[in-house]
Every structure is written in C-alpha cells, then in structure tokens.
Amino acid sequence: MSILHSIFNGEYDIGFEVRGNGTVSNEAFDLDVNRAFERYKEECGGEPHDLSLVIEDTLKSGFDYGFTEVETAFLERLENLKELILPDSITEIKMTDKLERILKENNTLIRGSLDSFAERFAAEMGLNFRPADFIFARHVFAKVQEITLLTVQFNRDGSVQIRSDVDSPGSSAGNTFGGVFYNEIPSDFWLNTTVEEVSAMYPGLDDVVVKDGRLADFIEKAKEHKIFTGKN
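Computed from a predicted structure; not experimentally measured.

Visitor: Just checking my understanding: could you explain helix H3 (residues 97-105) for this structure?
Guide: For an α-helix, the turn length of 3.6 residues means that residues three or four places apart are oriented alike. The complete set of buried residues in H3 reads Leu99, Ile102 and Leu103. In a view along the axis of H3, the buried residues occupy a sector of 95°, so they form one face of it. For H3, the exposed residues lying more than 90 degrees away from the buried face are Asp97 and Glu105. In this structure, the buried residues of H3 make contact with helix H2 (72-76), strand S6 (81-85) and helix H4 (117-125). Asparagine 107 lies just past H3 and shows a positive phi near 45°.

In structure tokens form, the structure reads like this:
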C-alpha cells in the first residue's frame, strides 16, 4: 500500500512523499502522480522540470511496518527525477536500461542513511550521495506539555540547517514558544563541528542533545563517508 502526497512550494517543482508500507507500485503513479502533474500544469503552467521522491522511513519512526520495495516501472515514469530518498527498509532496486538513463541524465541525487543500500546504490551507479534528514534530539517539557524535536536538514543548494519544531499546547493561540525555527550550520559540519558546539545553540536542551547520542554517532561515522555537499 502507498499513499502519495505532492508538494509544489518546496525546493523542487514537485516533491512527492510516499507514505505507507509494502510496495511503491506502478498503480500509485496512475492514481496520484498523474493527478499531481495535472494540478501543476493548471496552477503553475507548463510541465515540471525537476522532481523529488521521498519514500518515508516509517520503521525509523517507530512503526512496525514500512516499504520494502519500489517497482522499477514506477521510477521509470519519473523522467525528471532529481532526488531520490530511500528508507533503510528498501534494499534492492531492479535496474533497467531506461531507469539507468533517467538517473544518469538527471544526475539524480540519492539520499538515505549512512551505510545503507541507498549509499551503496549511489556508489554503484556513479551518483552523488547525501544523507537523509534525521532527528537527533527529542525533549518533552512535562510541566507545560511542550515537545521539541531537533532535525538536521540537508538542502538542495548544499546548505545544512537545524530545524526546531516546538509543539506547545498554546502555539495555536499565538504562543511565542510554539512554531518552527531554523539555525544554519556548516555544510560539512561533521568535519569541524562538535556535538557540544551544536548543543550550545539550544540553551536548556544542551544536555539532551549530547546525551541522546544520535548526532554524535552521525558526526563520527560521517567522517569516513563520501558525502556530496554541493548544489544539486
């Protein structure tokens, strides 16, 4: 099963997010992708020049199901695919001459976890690899029922930022503590930036960032990987 959500105001003409489990099937293209193409033509005029496809990593989010396959026929119909983000649960893509042509002509940026199939796939295809965005800290301030999530985001232009999502019961009523906030960090932060330096950007959460360990693990591991930091 798959559900596609399309975004028109992101970094790409159309950003597709696939949510669900099982197989990302060719049927989903006929149901959802063609409809998005029609909407884009009506709202923006002309055809989209670049596409991003994010297959959501539900397993990493704590669910007990996730996508295990993406049909080649589905990918072959994304002629302008510039970015492909794969979850850890997908460990194979059946290659065809047509799909290889699409990926190489678009110089498609492959994204996923370090040491994943996505990273190996990019290397085998001679394509650039960049990590997928990842949450590295979560804090619950029980006294006011406020939740903060910190996420490292890798942008299309090569920049990197930390997104802070603050969910407060009063945010919908204009509470200034609720909302989404951003801090930019070096595009190759894992080479010269420490966890302590990042944590210092978030007074009150500094202990959480260090103790969580996810950011420290990424920084240590990323030093040994080939990560594309340029513009896509």
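Having put the structure on the table, let's press on.
Visitor: Can you walk me through the side chain of aspartate 57 in this structure?
Guide: Tracing the sequence through the fold places aspartate 57 in the loop between strand S4 (51-55) and strand S5 (67-70). Residue class for aspartate 57 comes out buried when judged on its relative accessible area of 17%. Not counting chain neighbours up to four residues away, the residues in contact with aspartate 57 comprise Pro87 and Asp88.

Visitor: Teacher, can you tell me more about the packing of aromatic side chains here?
Guide: The description of two aromatic rings rests on the distance between their centres and on the angle between their planes. This model, assessed by the stated rule, comprises nine aromatic pairs. Aromatic pair phenylalanine 8 and tyrosine 40: ring centres 5.6 Å apart, planes at 85°, arrangement edge-to-face. Linking phenylalanine 8 in the loop between strand S1 (2-7) and strand S2 (14-20) with tyrosine 40 in helix H1 (residues 26-44), this pair joins segments that are 32 residues apart in sequence. Classification of phenylalanine 8 as buried rests on a relative accessible area of 18%. A relative accessible area of 9% places tyrosine 40 in the buried class. Ring centres of phenylalanine 189 and phenylalanine 218 lie 5.8 Å apart, and the angle between their planes is 20°; this geometry places the pair in the stacked category. Highlighted residues: phenylalanine 189 in helix H5 (residues 189-192) and phenylalanine 218 in helix H8 (residues 214-222), separated in sequence by 29 residues. Both residues of the pair, phenylalanine 189 and phenylalanine 218, count as buried. Three or more aromatic residues joined by ring pairs form one cluster here, namely Phe134, Phe154, Phe189, Trp190 and Phe218. Looking at arginine 39, its charged tip hangs above the ring of phenylalanine 8, at a distance of 4.4 Å from the centre.

Visitor: Which parts of the structure should I look at to understand the sheet that holds strand S10 (residues 146-154)?
Guide: By definition, the strands of a sheet pair up through backbone hydrogen bonds, in either a parallel or an antiparallel sense. With antiparallel pairing, four strands are arranged side by side in an open sheet as S9-S10-S11-S12. Two strands lie at the open edges of the sheet, namely strand S9 (134-141) and strand S12 (179-185), each paired on one side alone. The sheet shows a mean angle of 15° between the axes of neighbouring strands, taken without regard to direction. Where S9 lies against S10, seven bridges are found, and the strand directions are antiparallel. Paired with isoleucine 135 across the strands is threonine 151, a residue of S10.

Visitor: Looking at this model, I keep getting lost on the environment of aspartate 206. Mind explaining?
Guide: On the secondary structure map, aspartate 206 appears in helix H7 (residues 206-212). Since its relative accessible area comes to 33%, aspartate 206 is described here as partly exposed. Sequence separation between aspartate 206 and tyrosine 12 is 194 residues, and the spatial gap between their C-alpha atoms is 34 Å.

Visitor: Can you help me understand unusual backbone geometry in this one?
Guide: Across residues other than glycine, the phi torsion is negative in most instances, and most of the peptide bonds are trans. Even without being a glycine, asparagine 107 presents a positive backbone phi close to 45°. For asparagine 107, the location among the structural elements is in the loop between H3 and strand S7 (109-112). Even without being glycine, aspartate 115 reaches a positive phi, approximately 65°. The partly exposed category is assigned to aspartate 115, whose relative accessible area is 48%.

Visitor: I would appreciate a short explanation of the pairing of S2 in the present structure.
Guide: The two faces of a sheet get side chains in turn, since along a regular strand they alternate between them. Counted residue by residue, S2 has six buried out of seven residues, so it is predominantly covered. Looking at chain direction, S2 and S4 are connected through five bridges and run parallel. When the bridges of S4 are listed, phenylalanine 16 appears paired with leucine 53.

Thresholds, definitions, all that
Residues numbered from 1 in each chain as written. Predicted model: local features only at pLDDT ≥ 70, side-chain atom pairs only at ≥ 80, totals over all residues. Heavy atoms only, no water. Buried < 20%, exposed > 50% of the residue type's maximum accessible area, 1.4 Å probe, protein only. Helix = DSSP H or I, 4+ residues; strand = E, 2+ residues; numbered from the N terminus. Arc of directions from axis to C-beta. Contact = heavy atoms within 4.5 Å. Phe/Tyr/Trp six-rings, centres within 6.5 Å; stacked < 30°, edge-to-face > 60°. Lys NZ or Arg CZ within 6 Å of the ring centre and 35° of its normal. Pairing = 2+ DSSP bridges. Axes fitted to C-alpha atoms, helices over the stretch in contact; angles between N-to-C directions.

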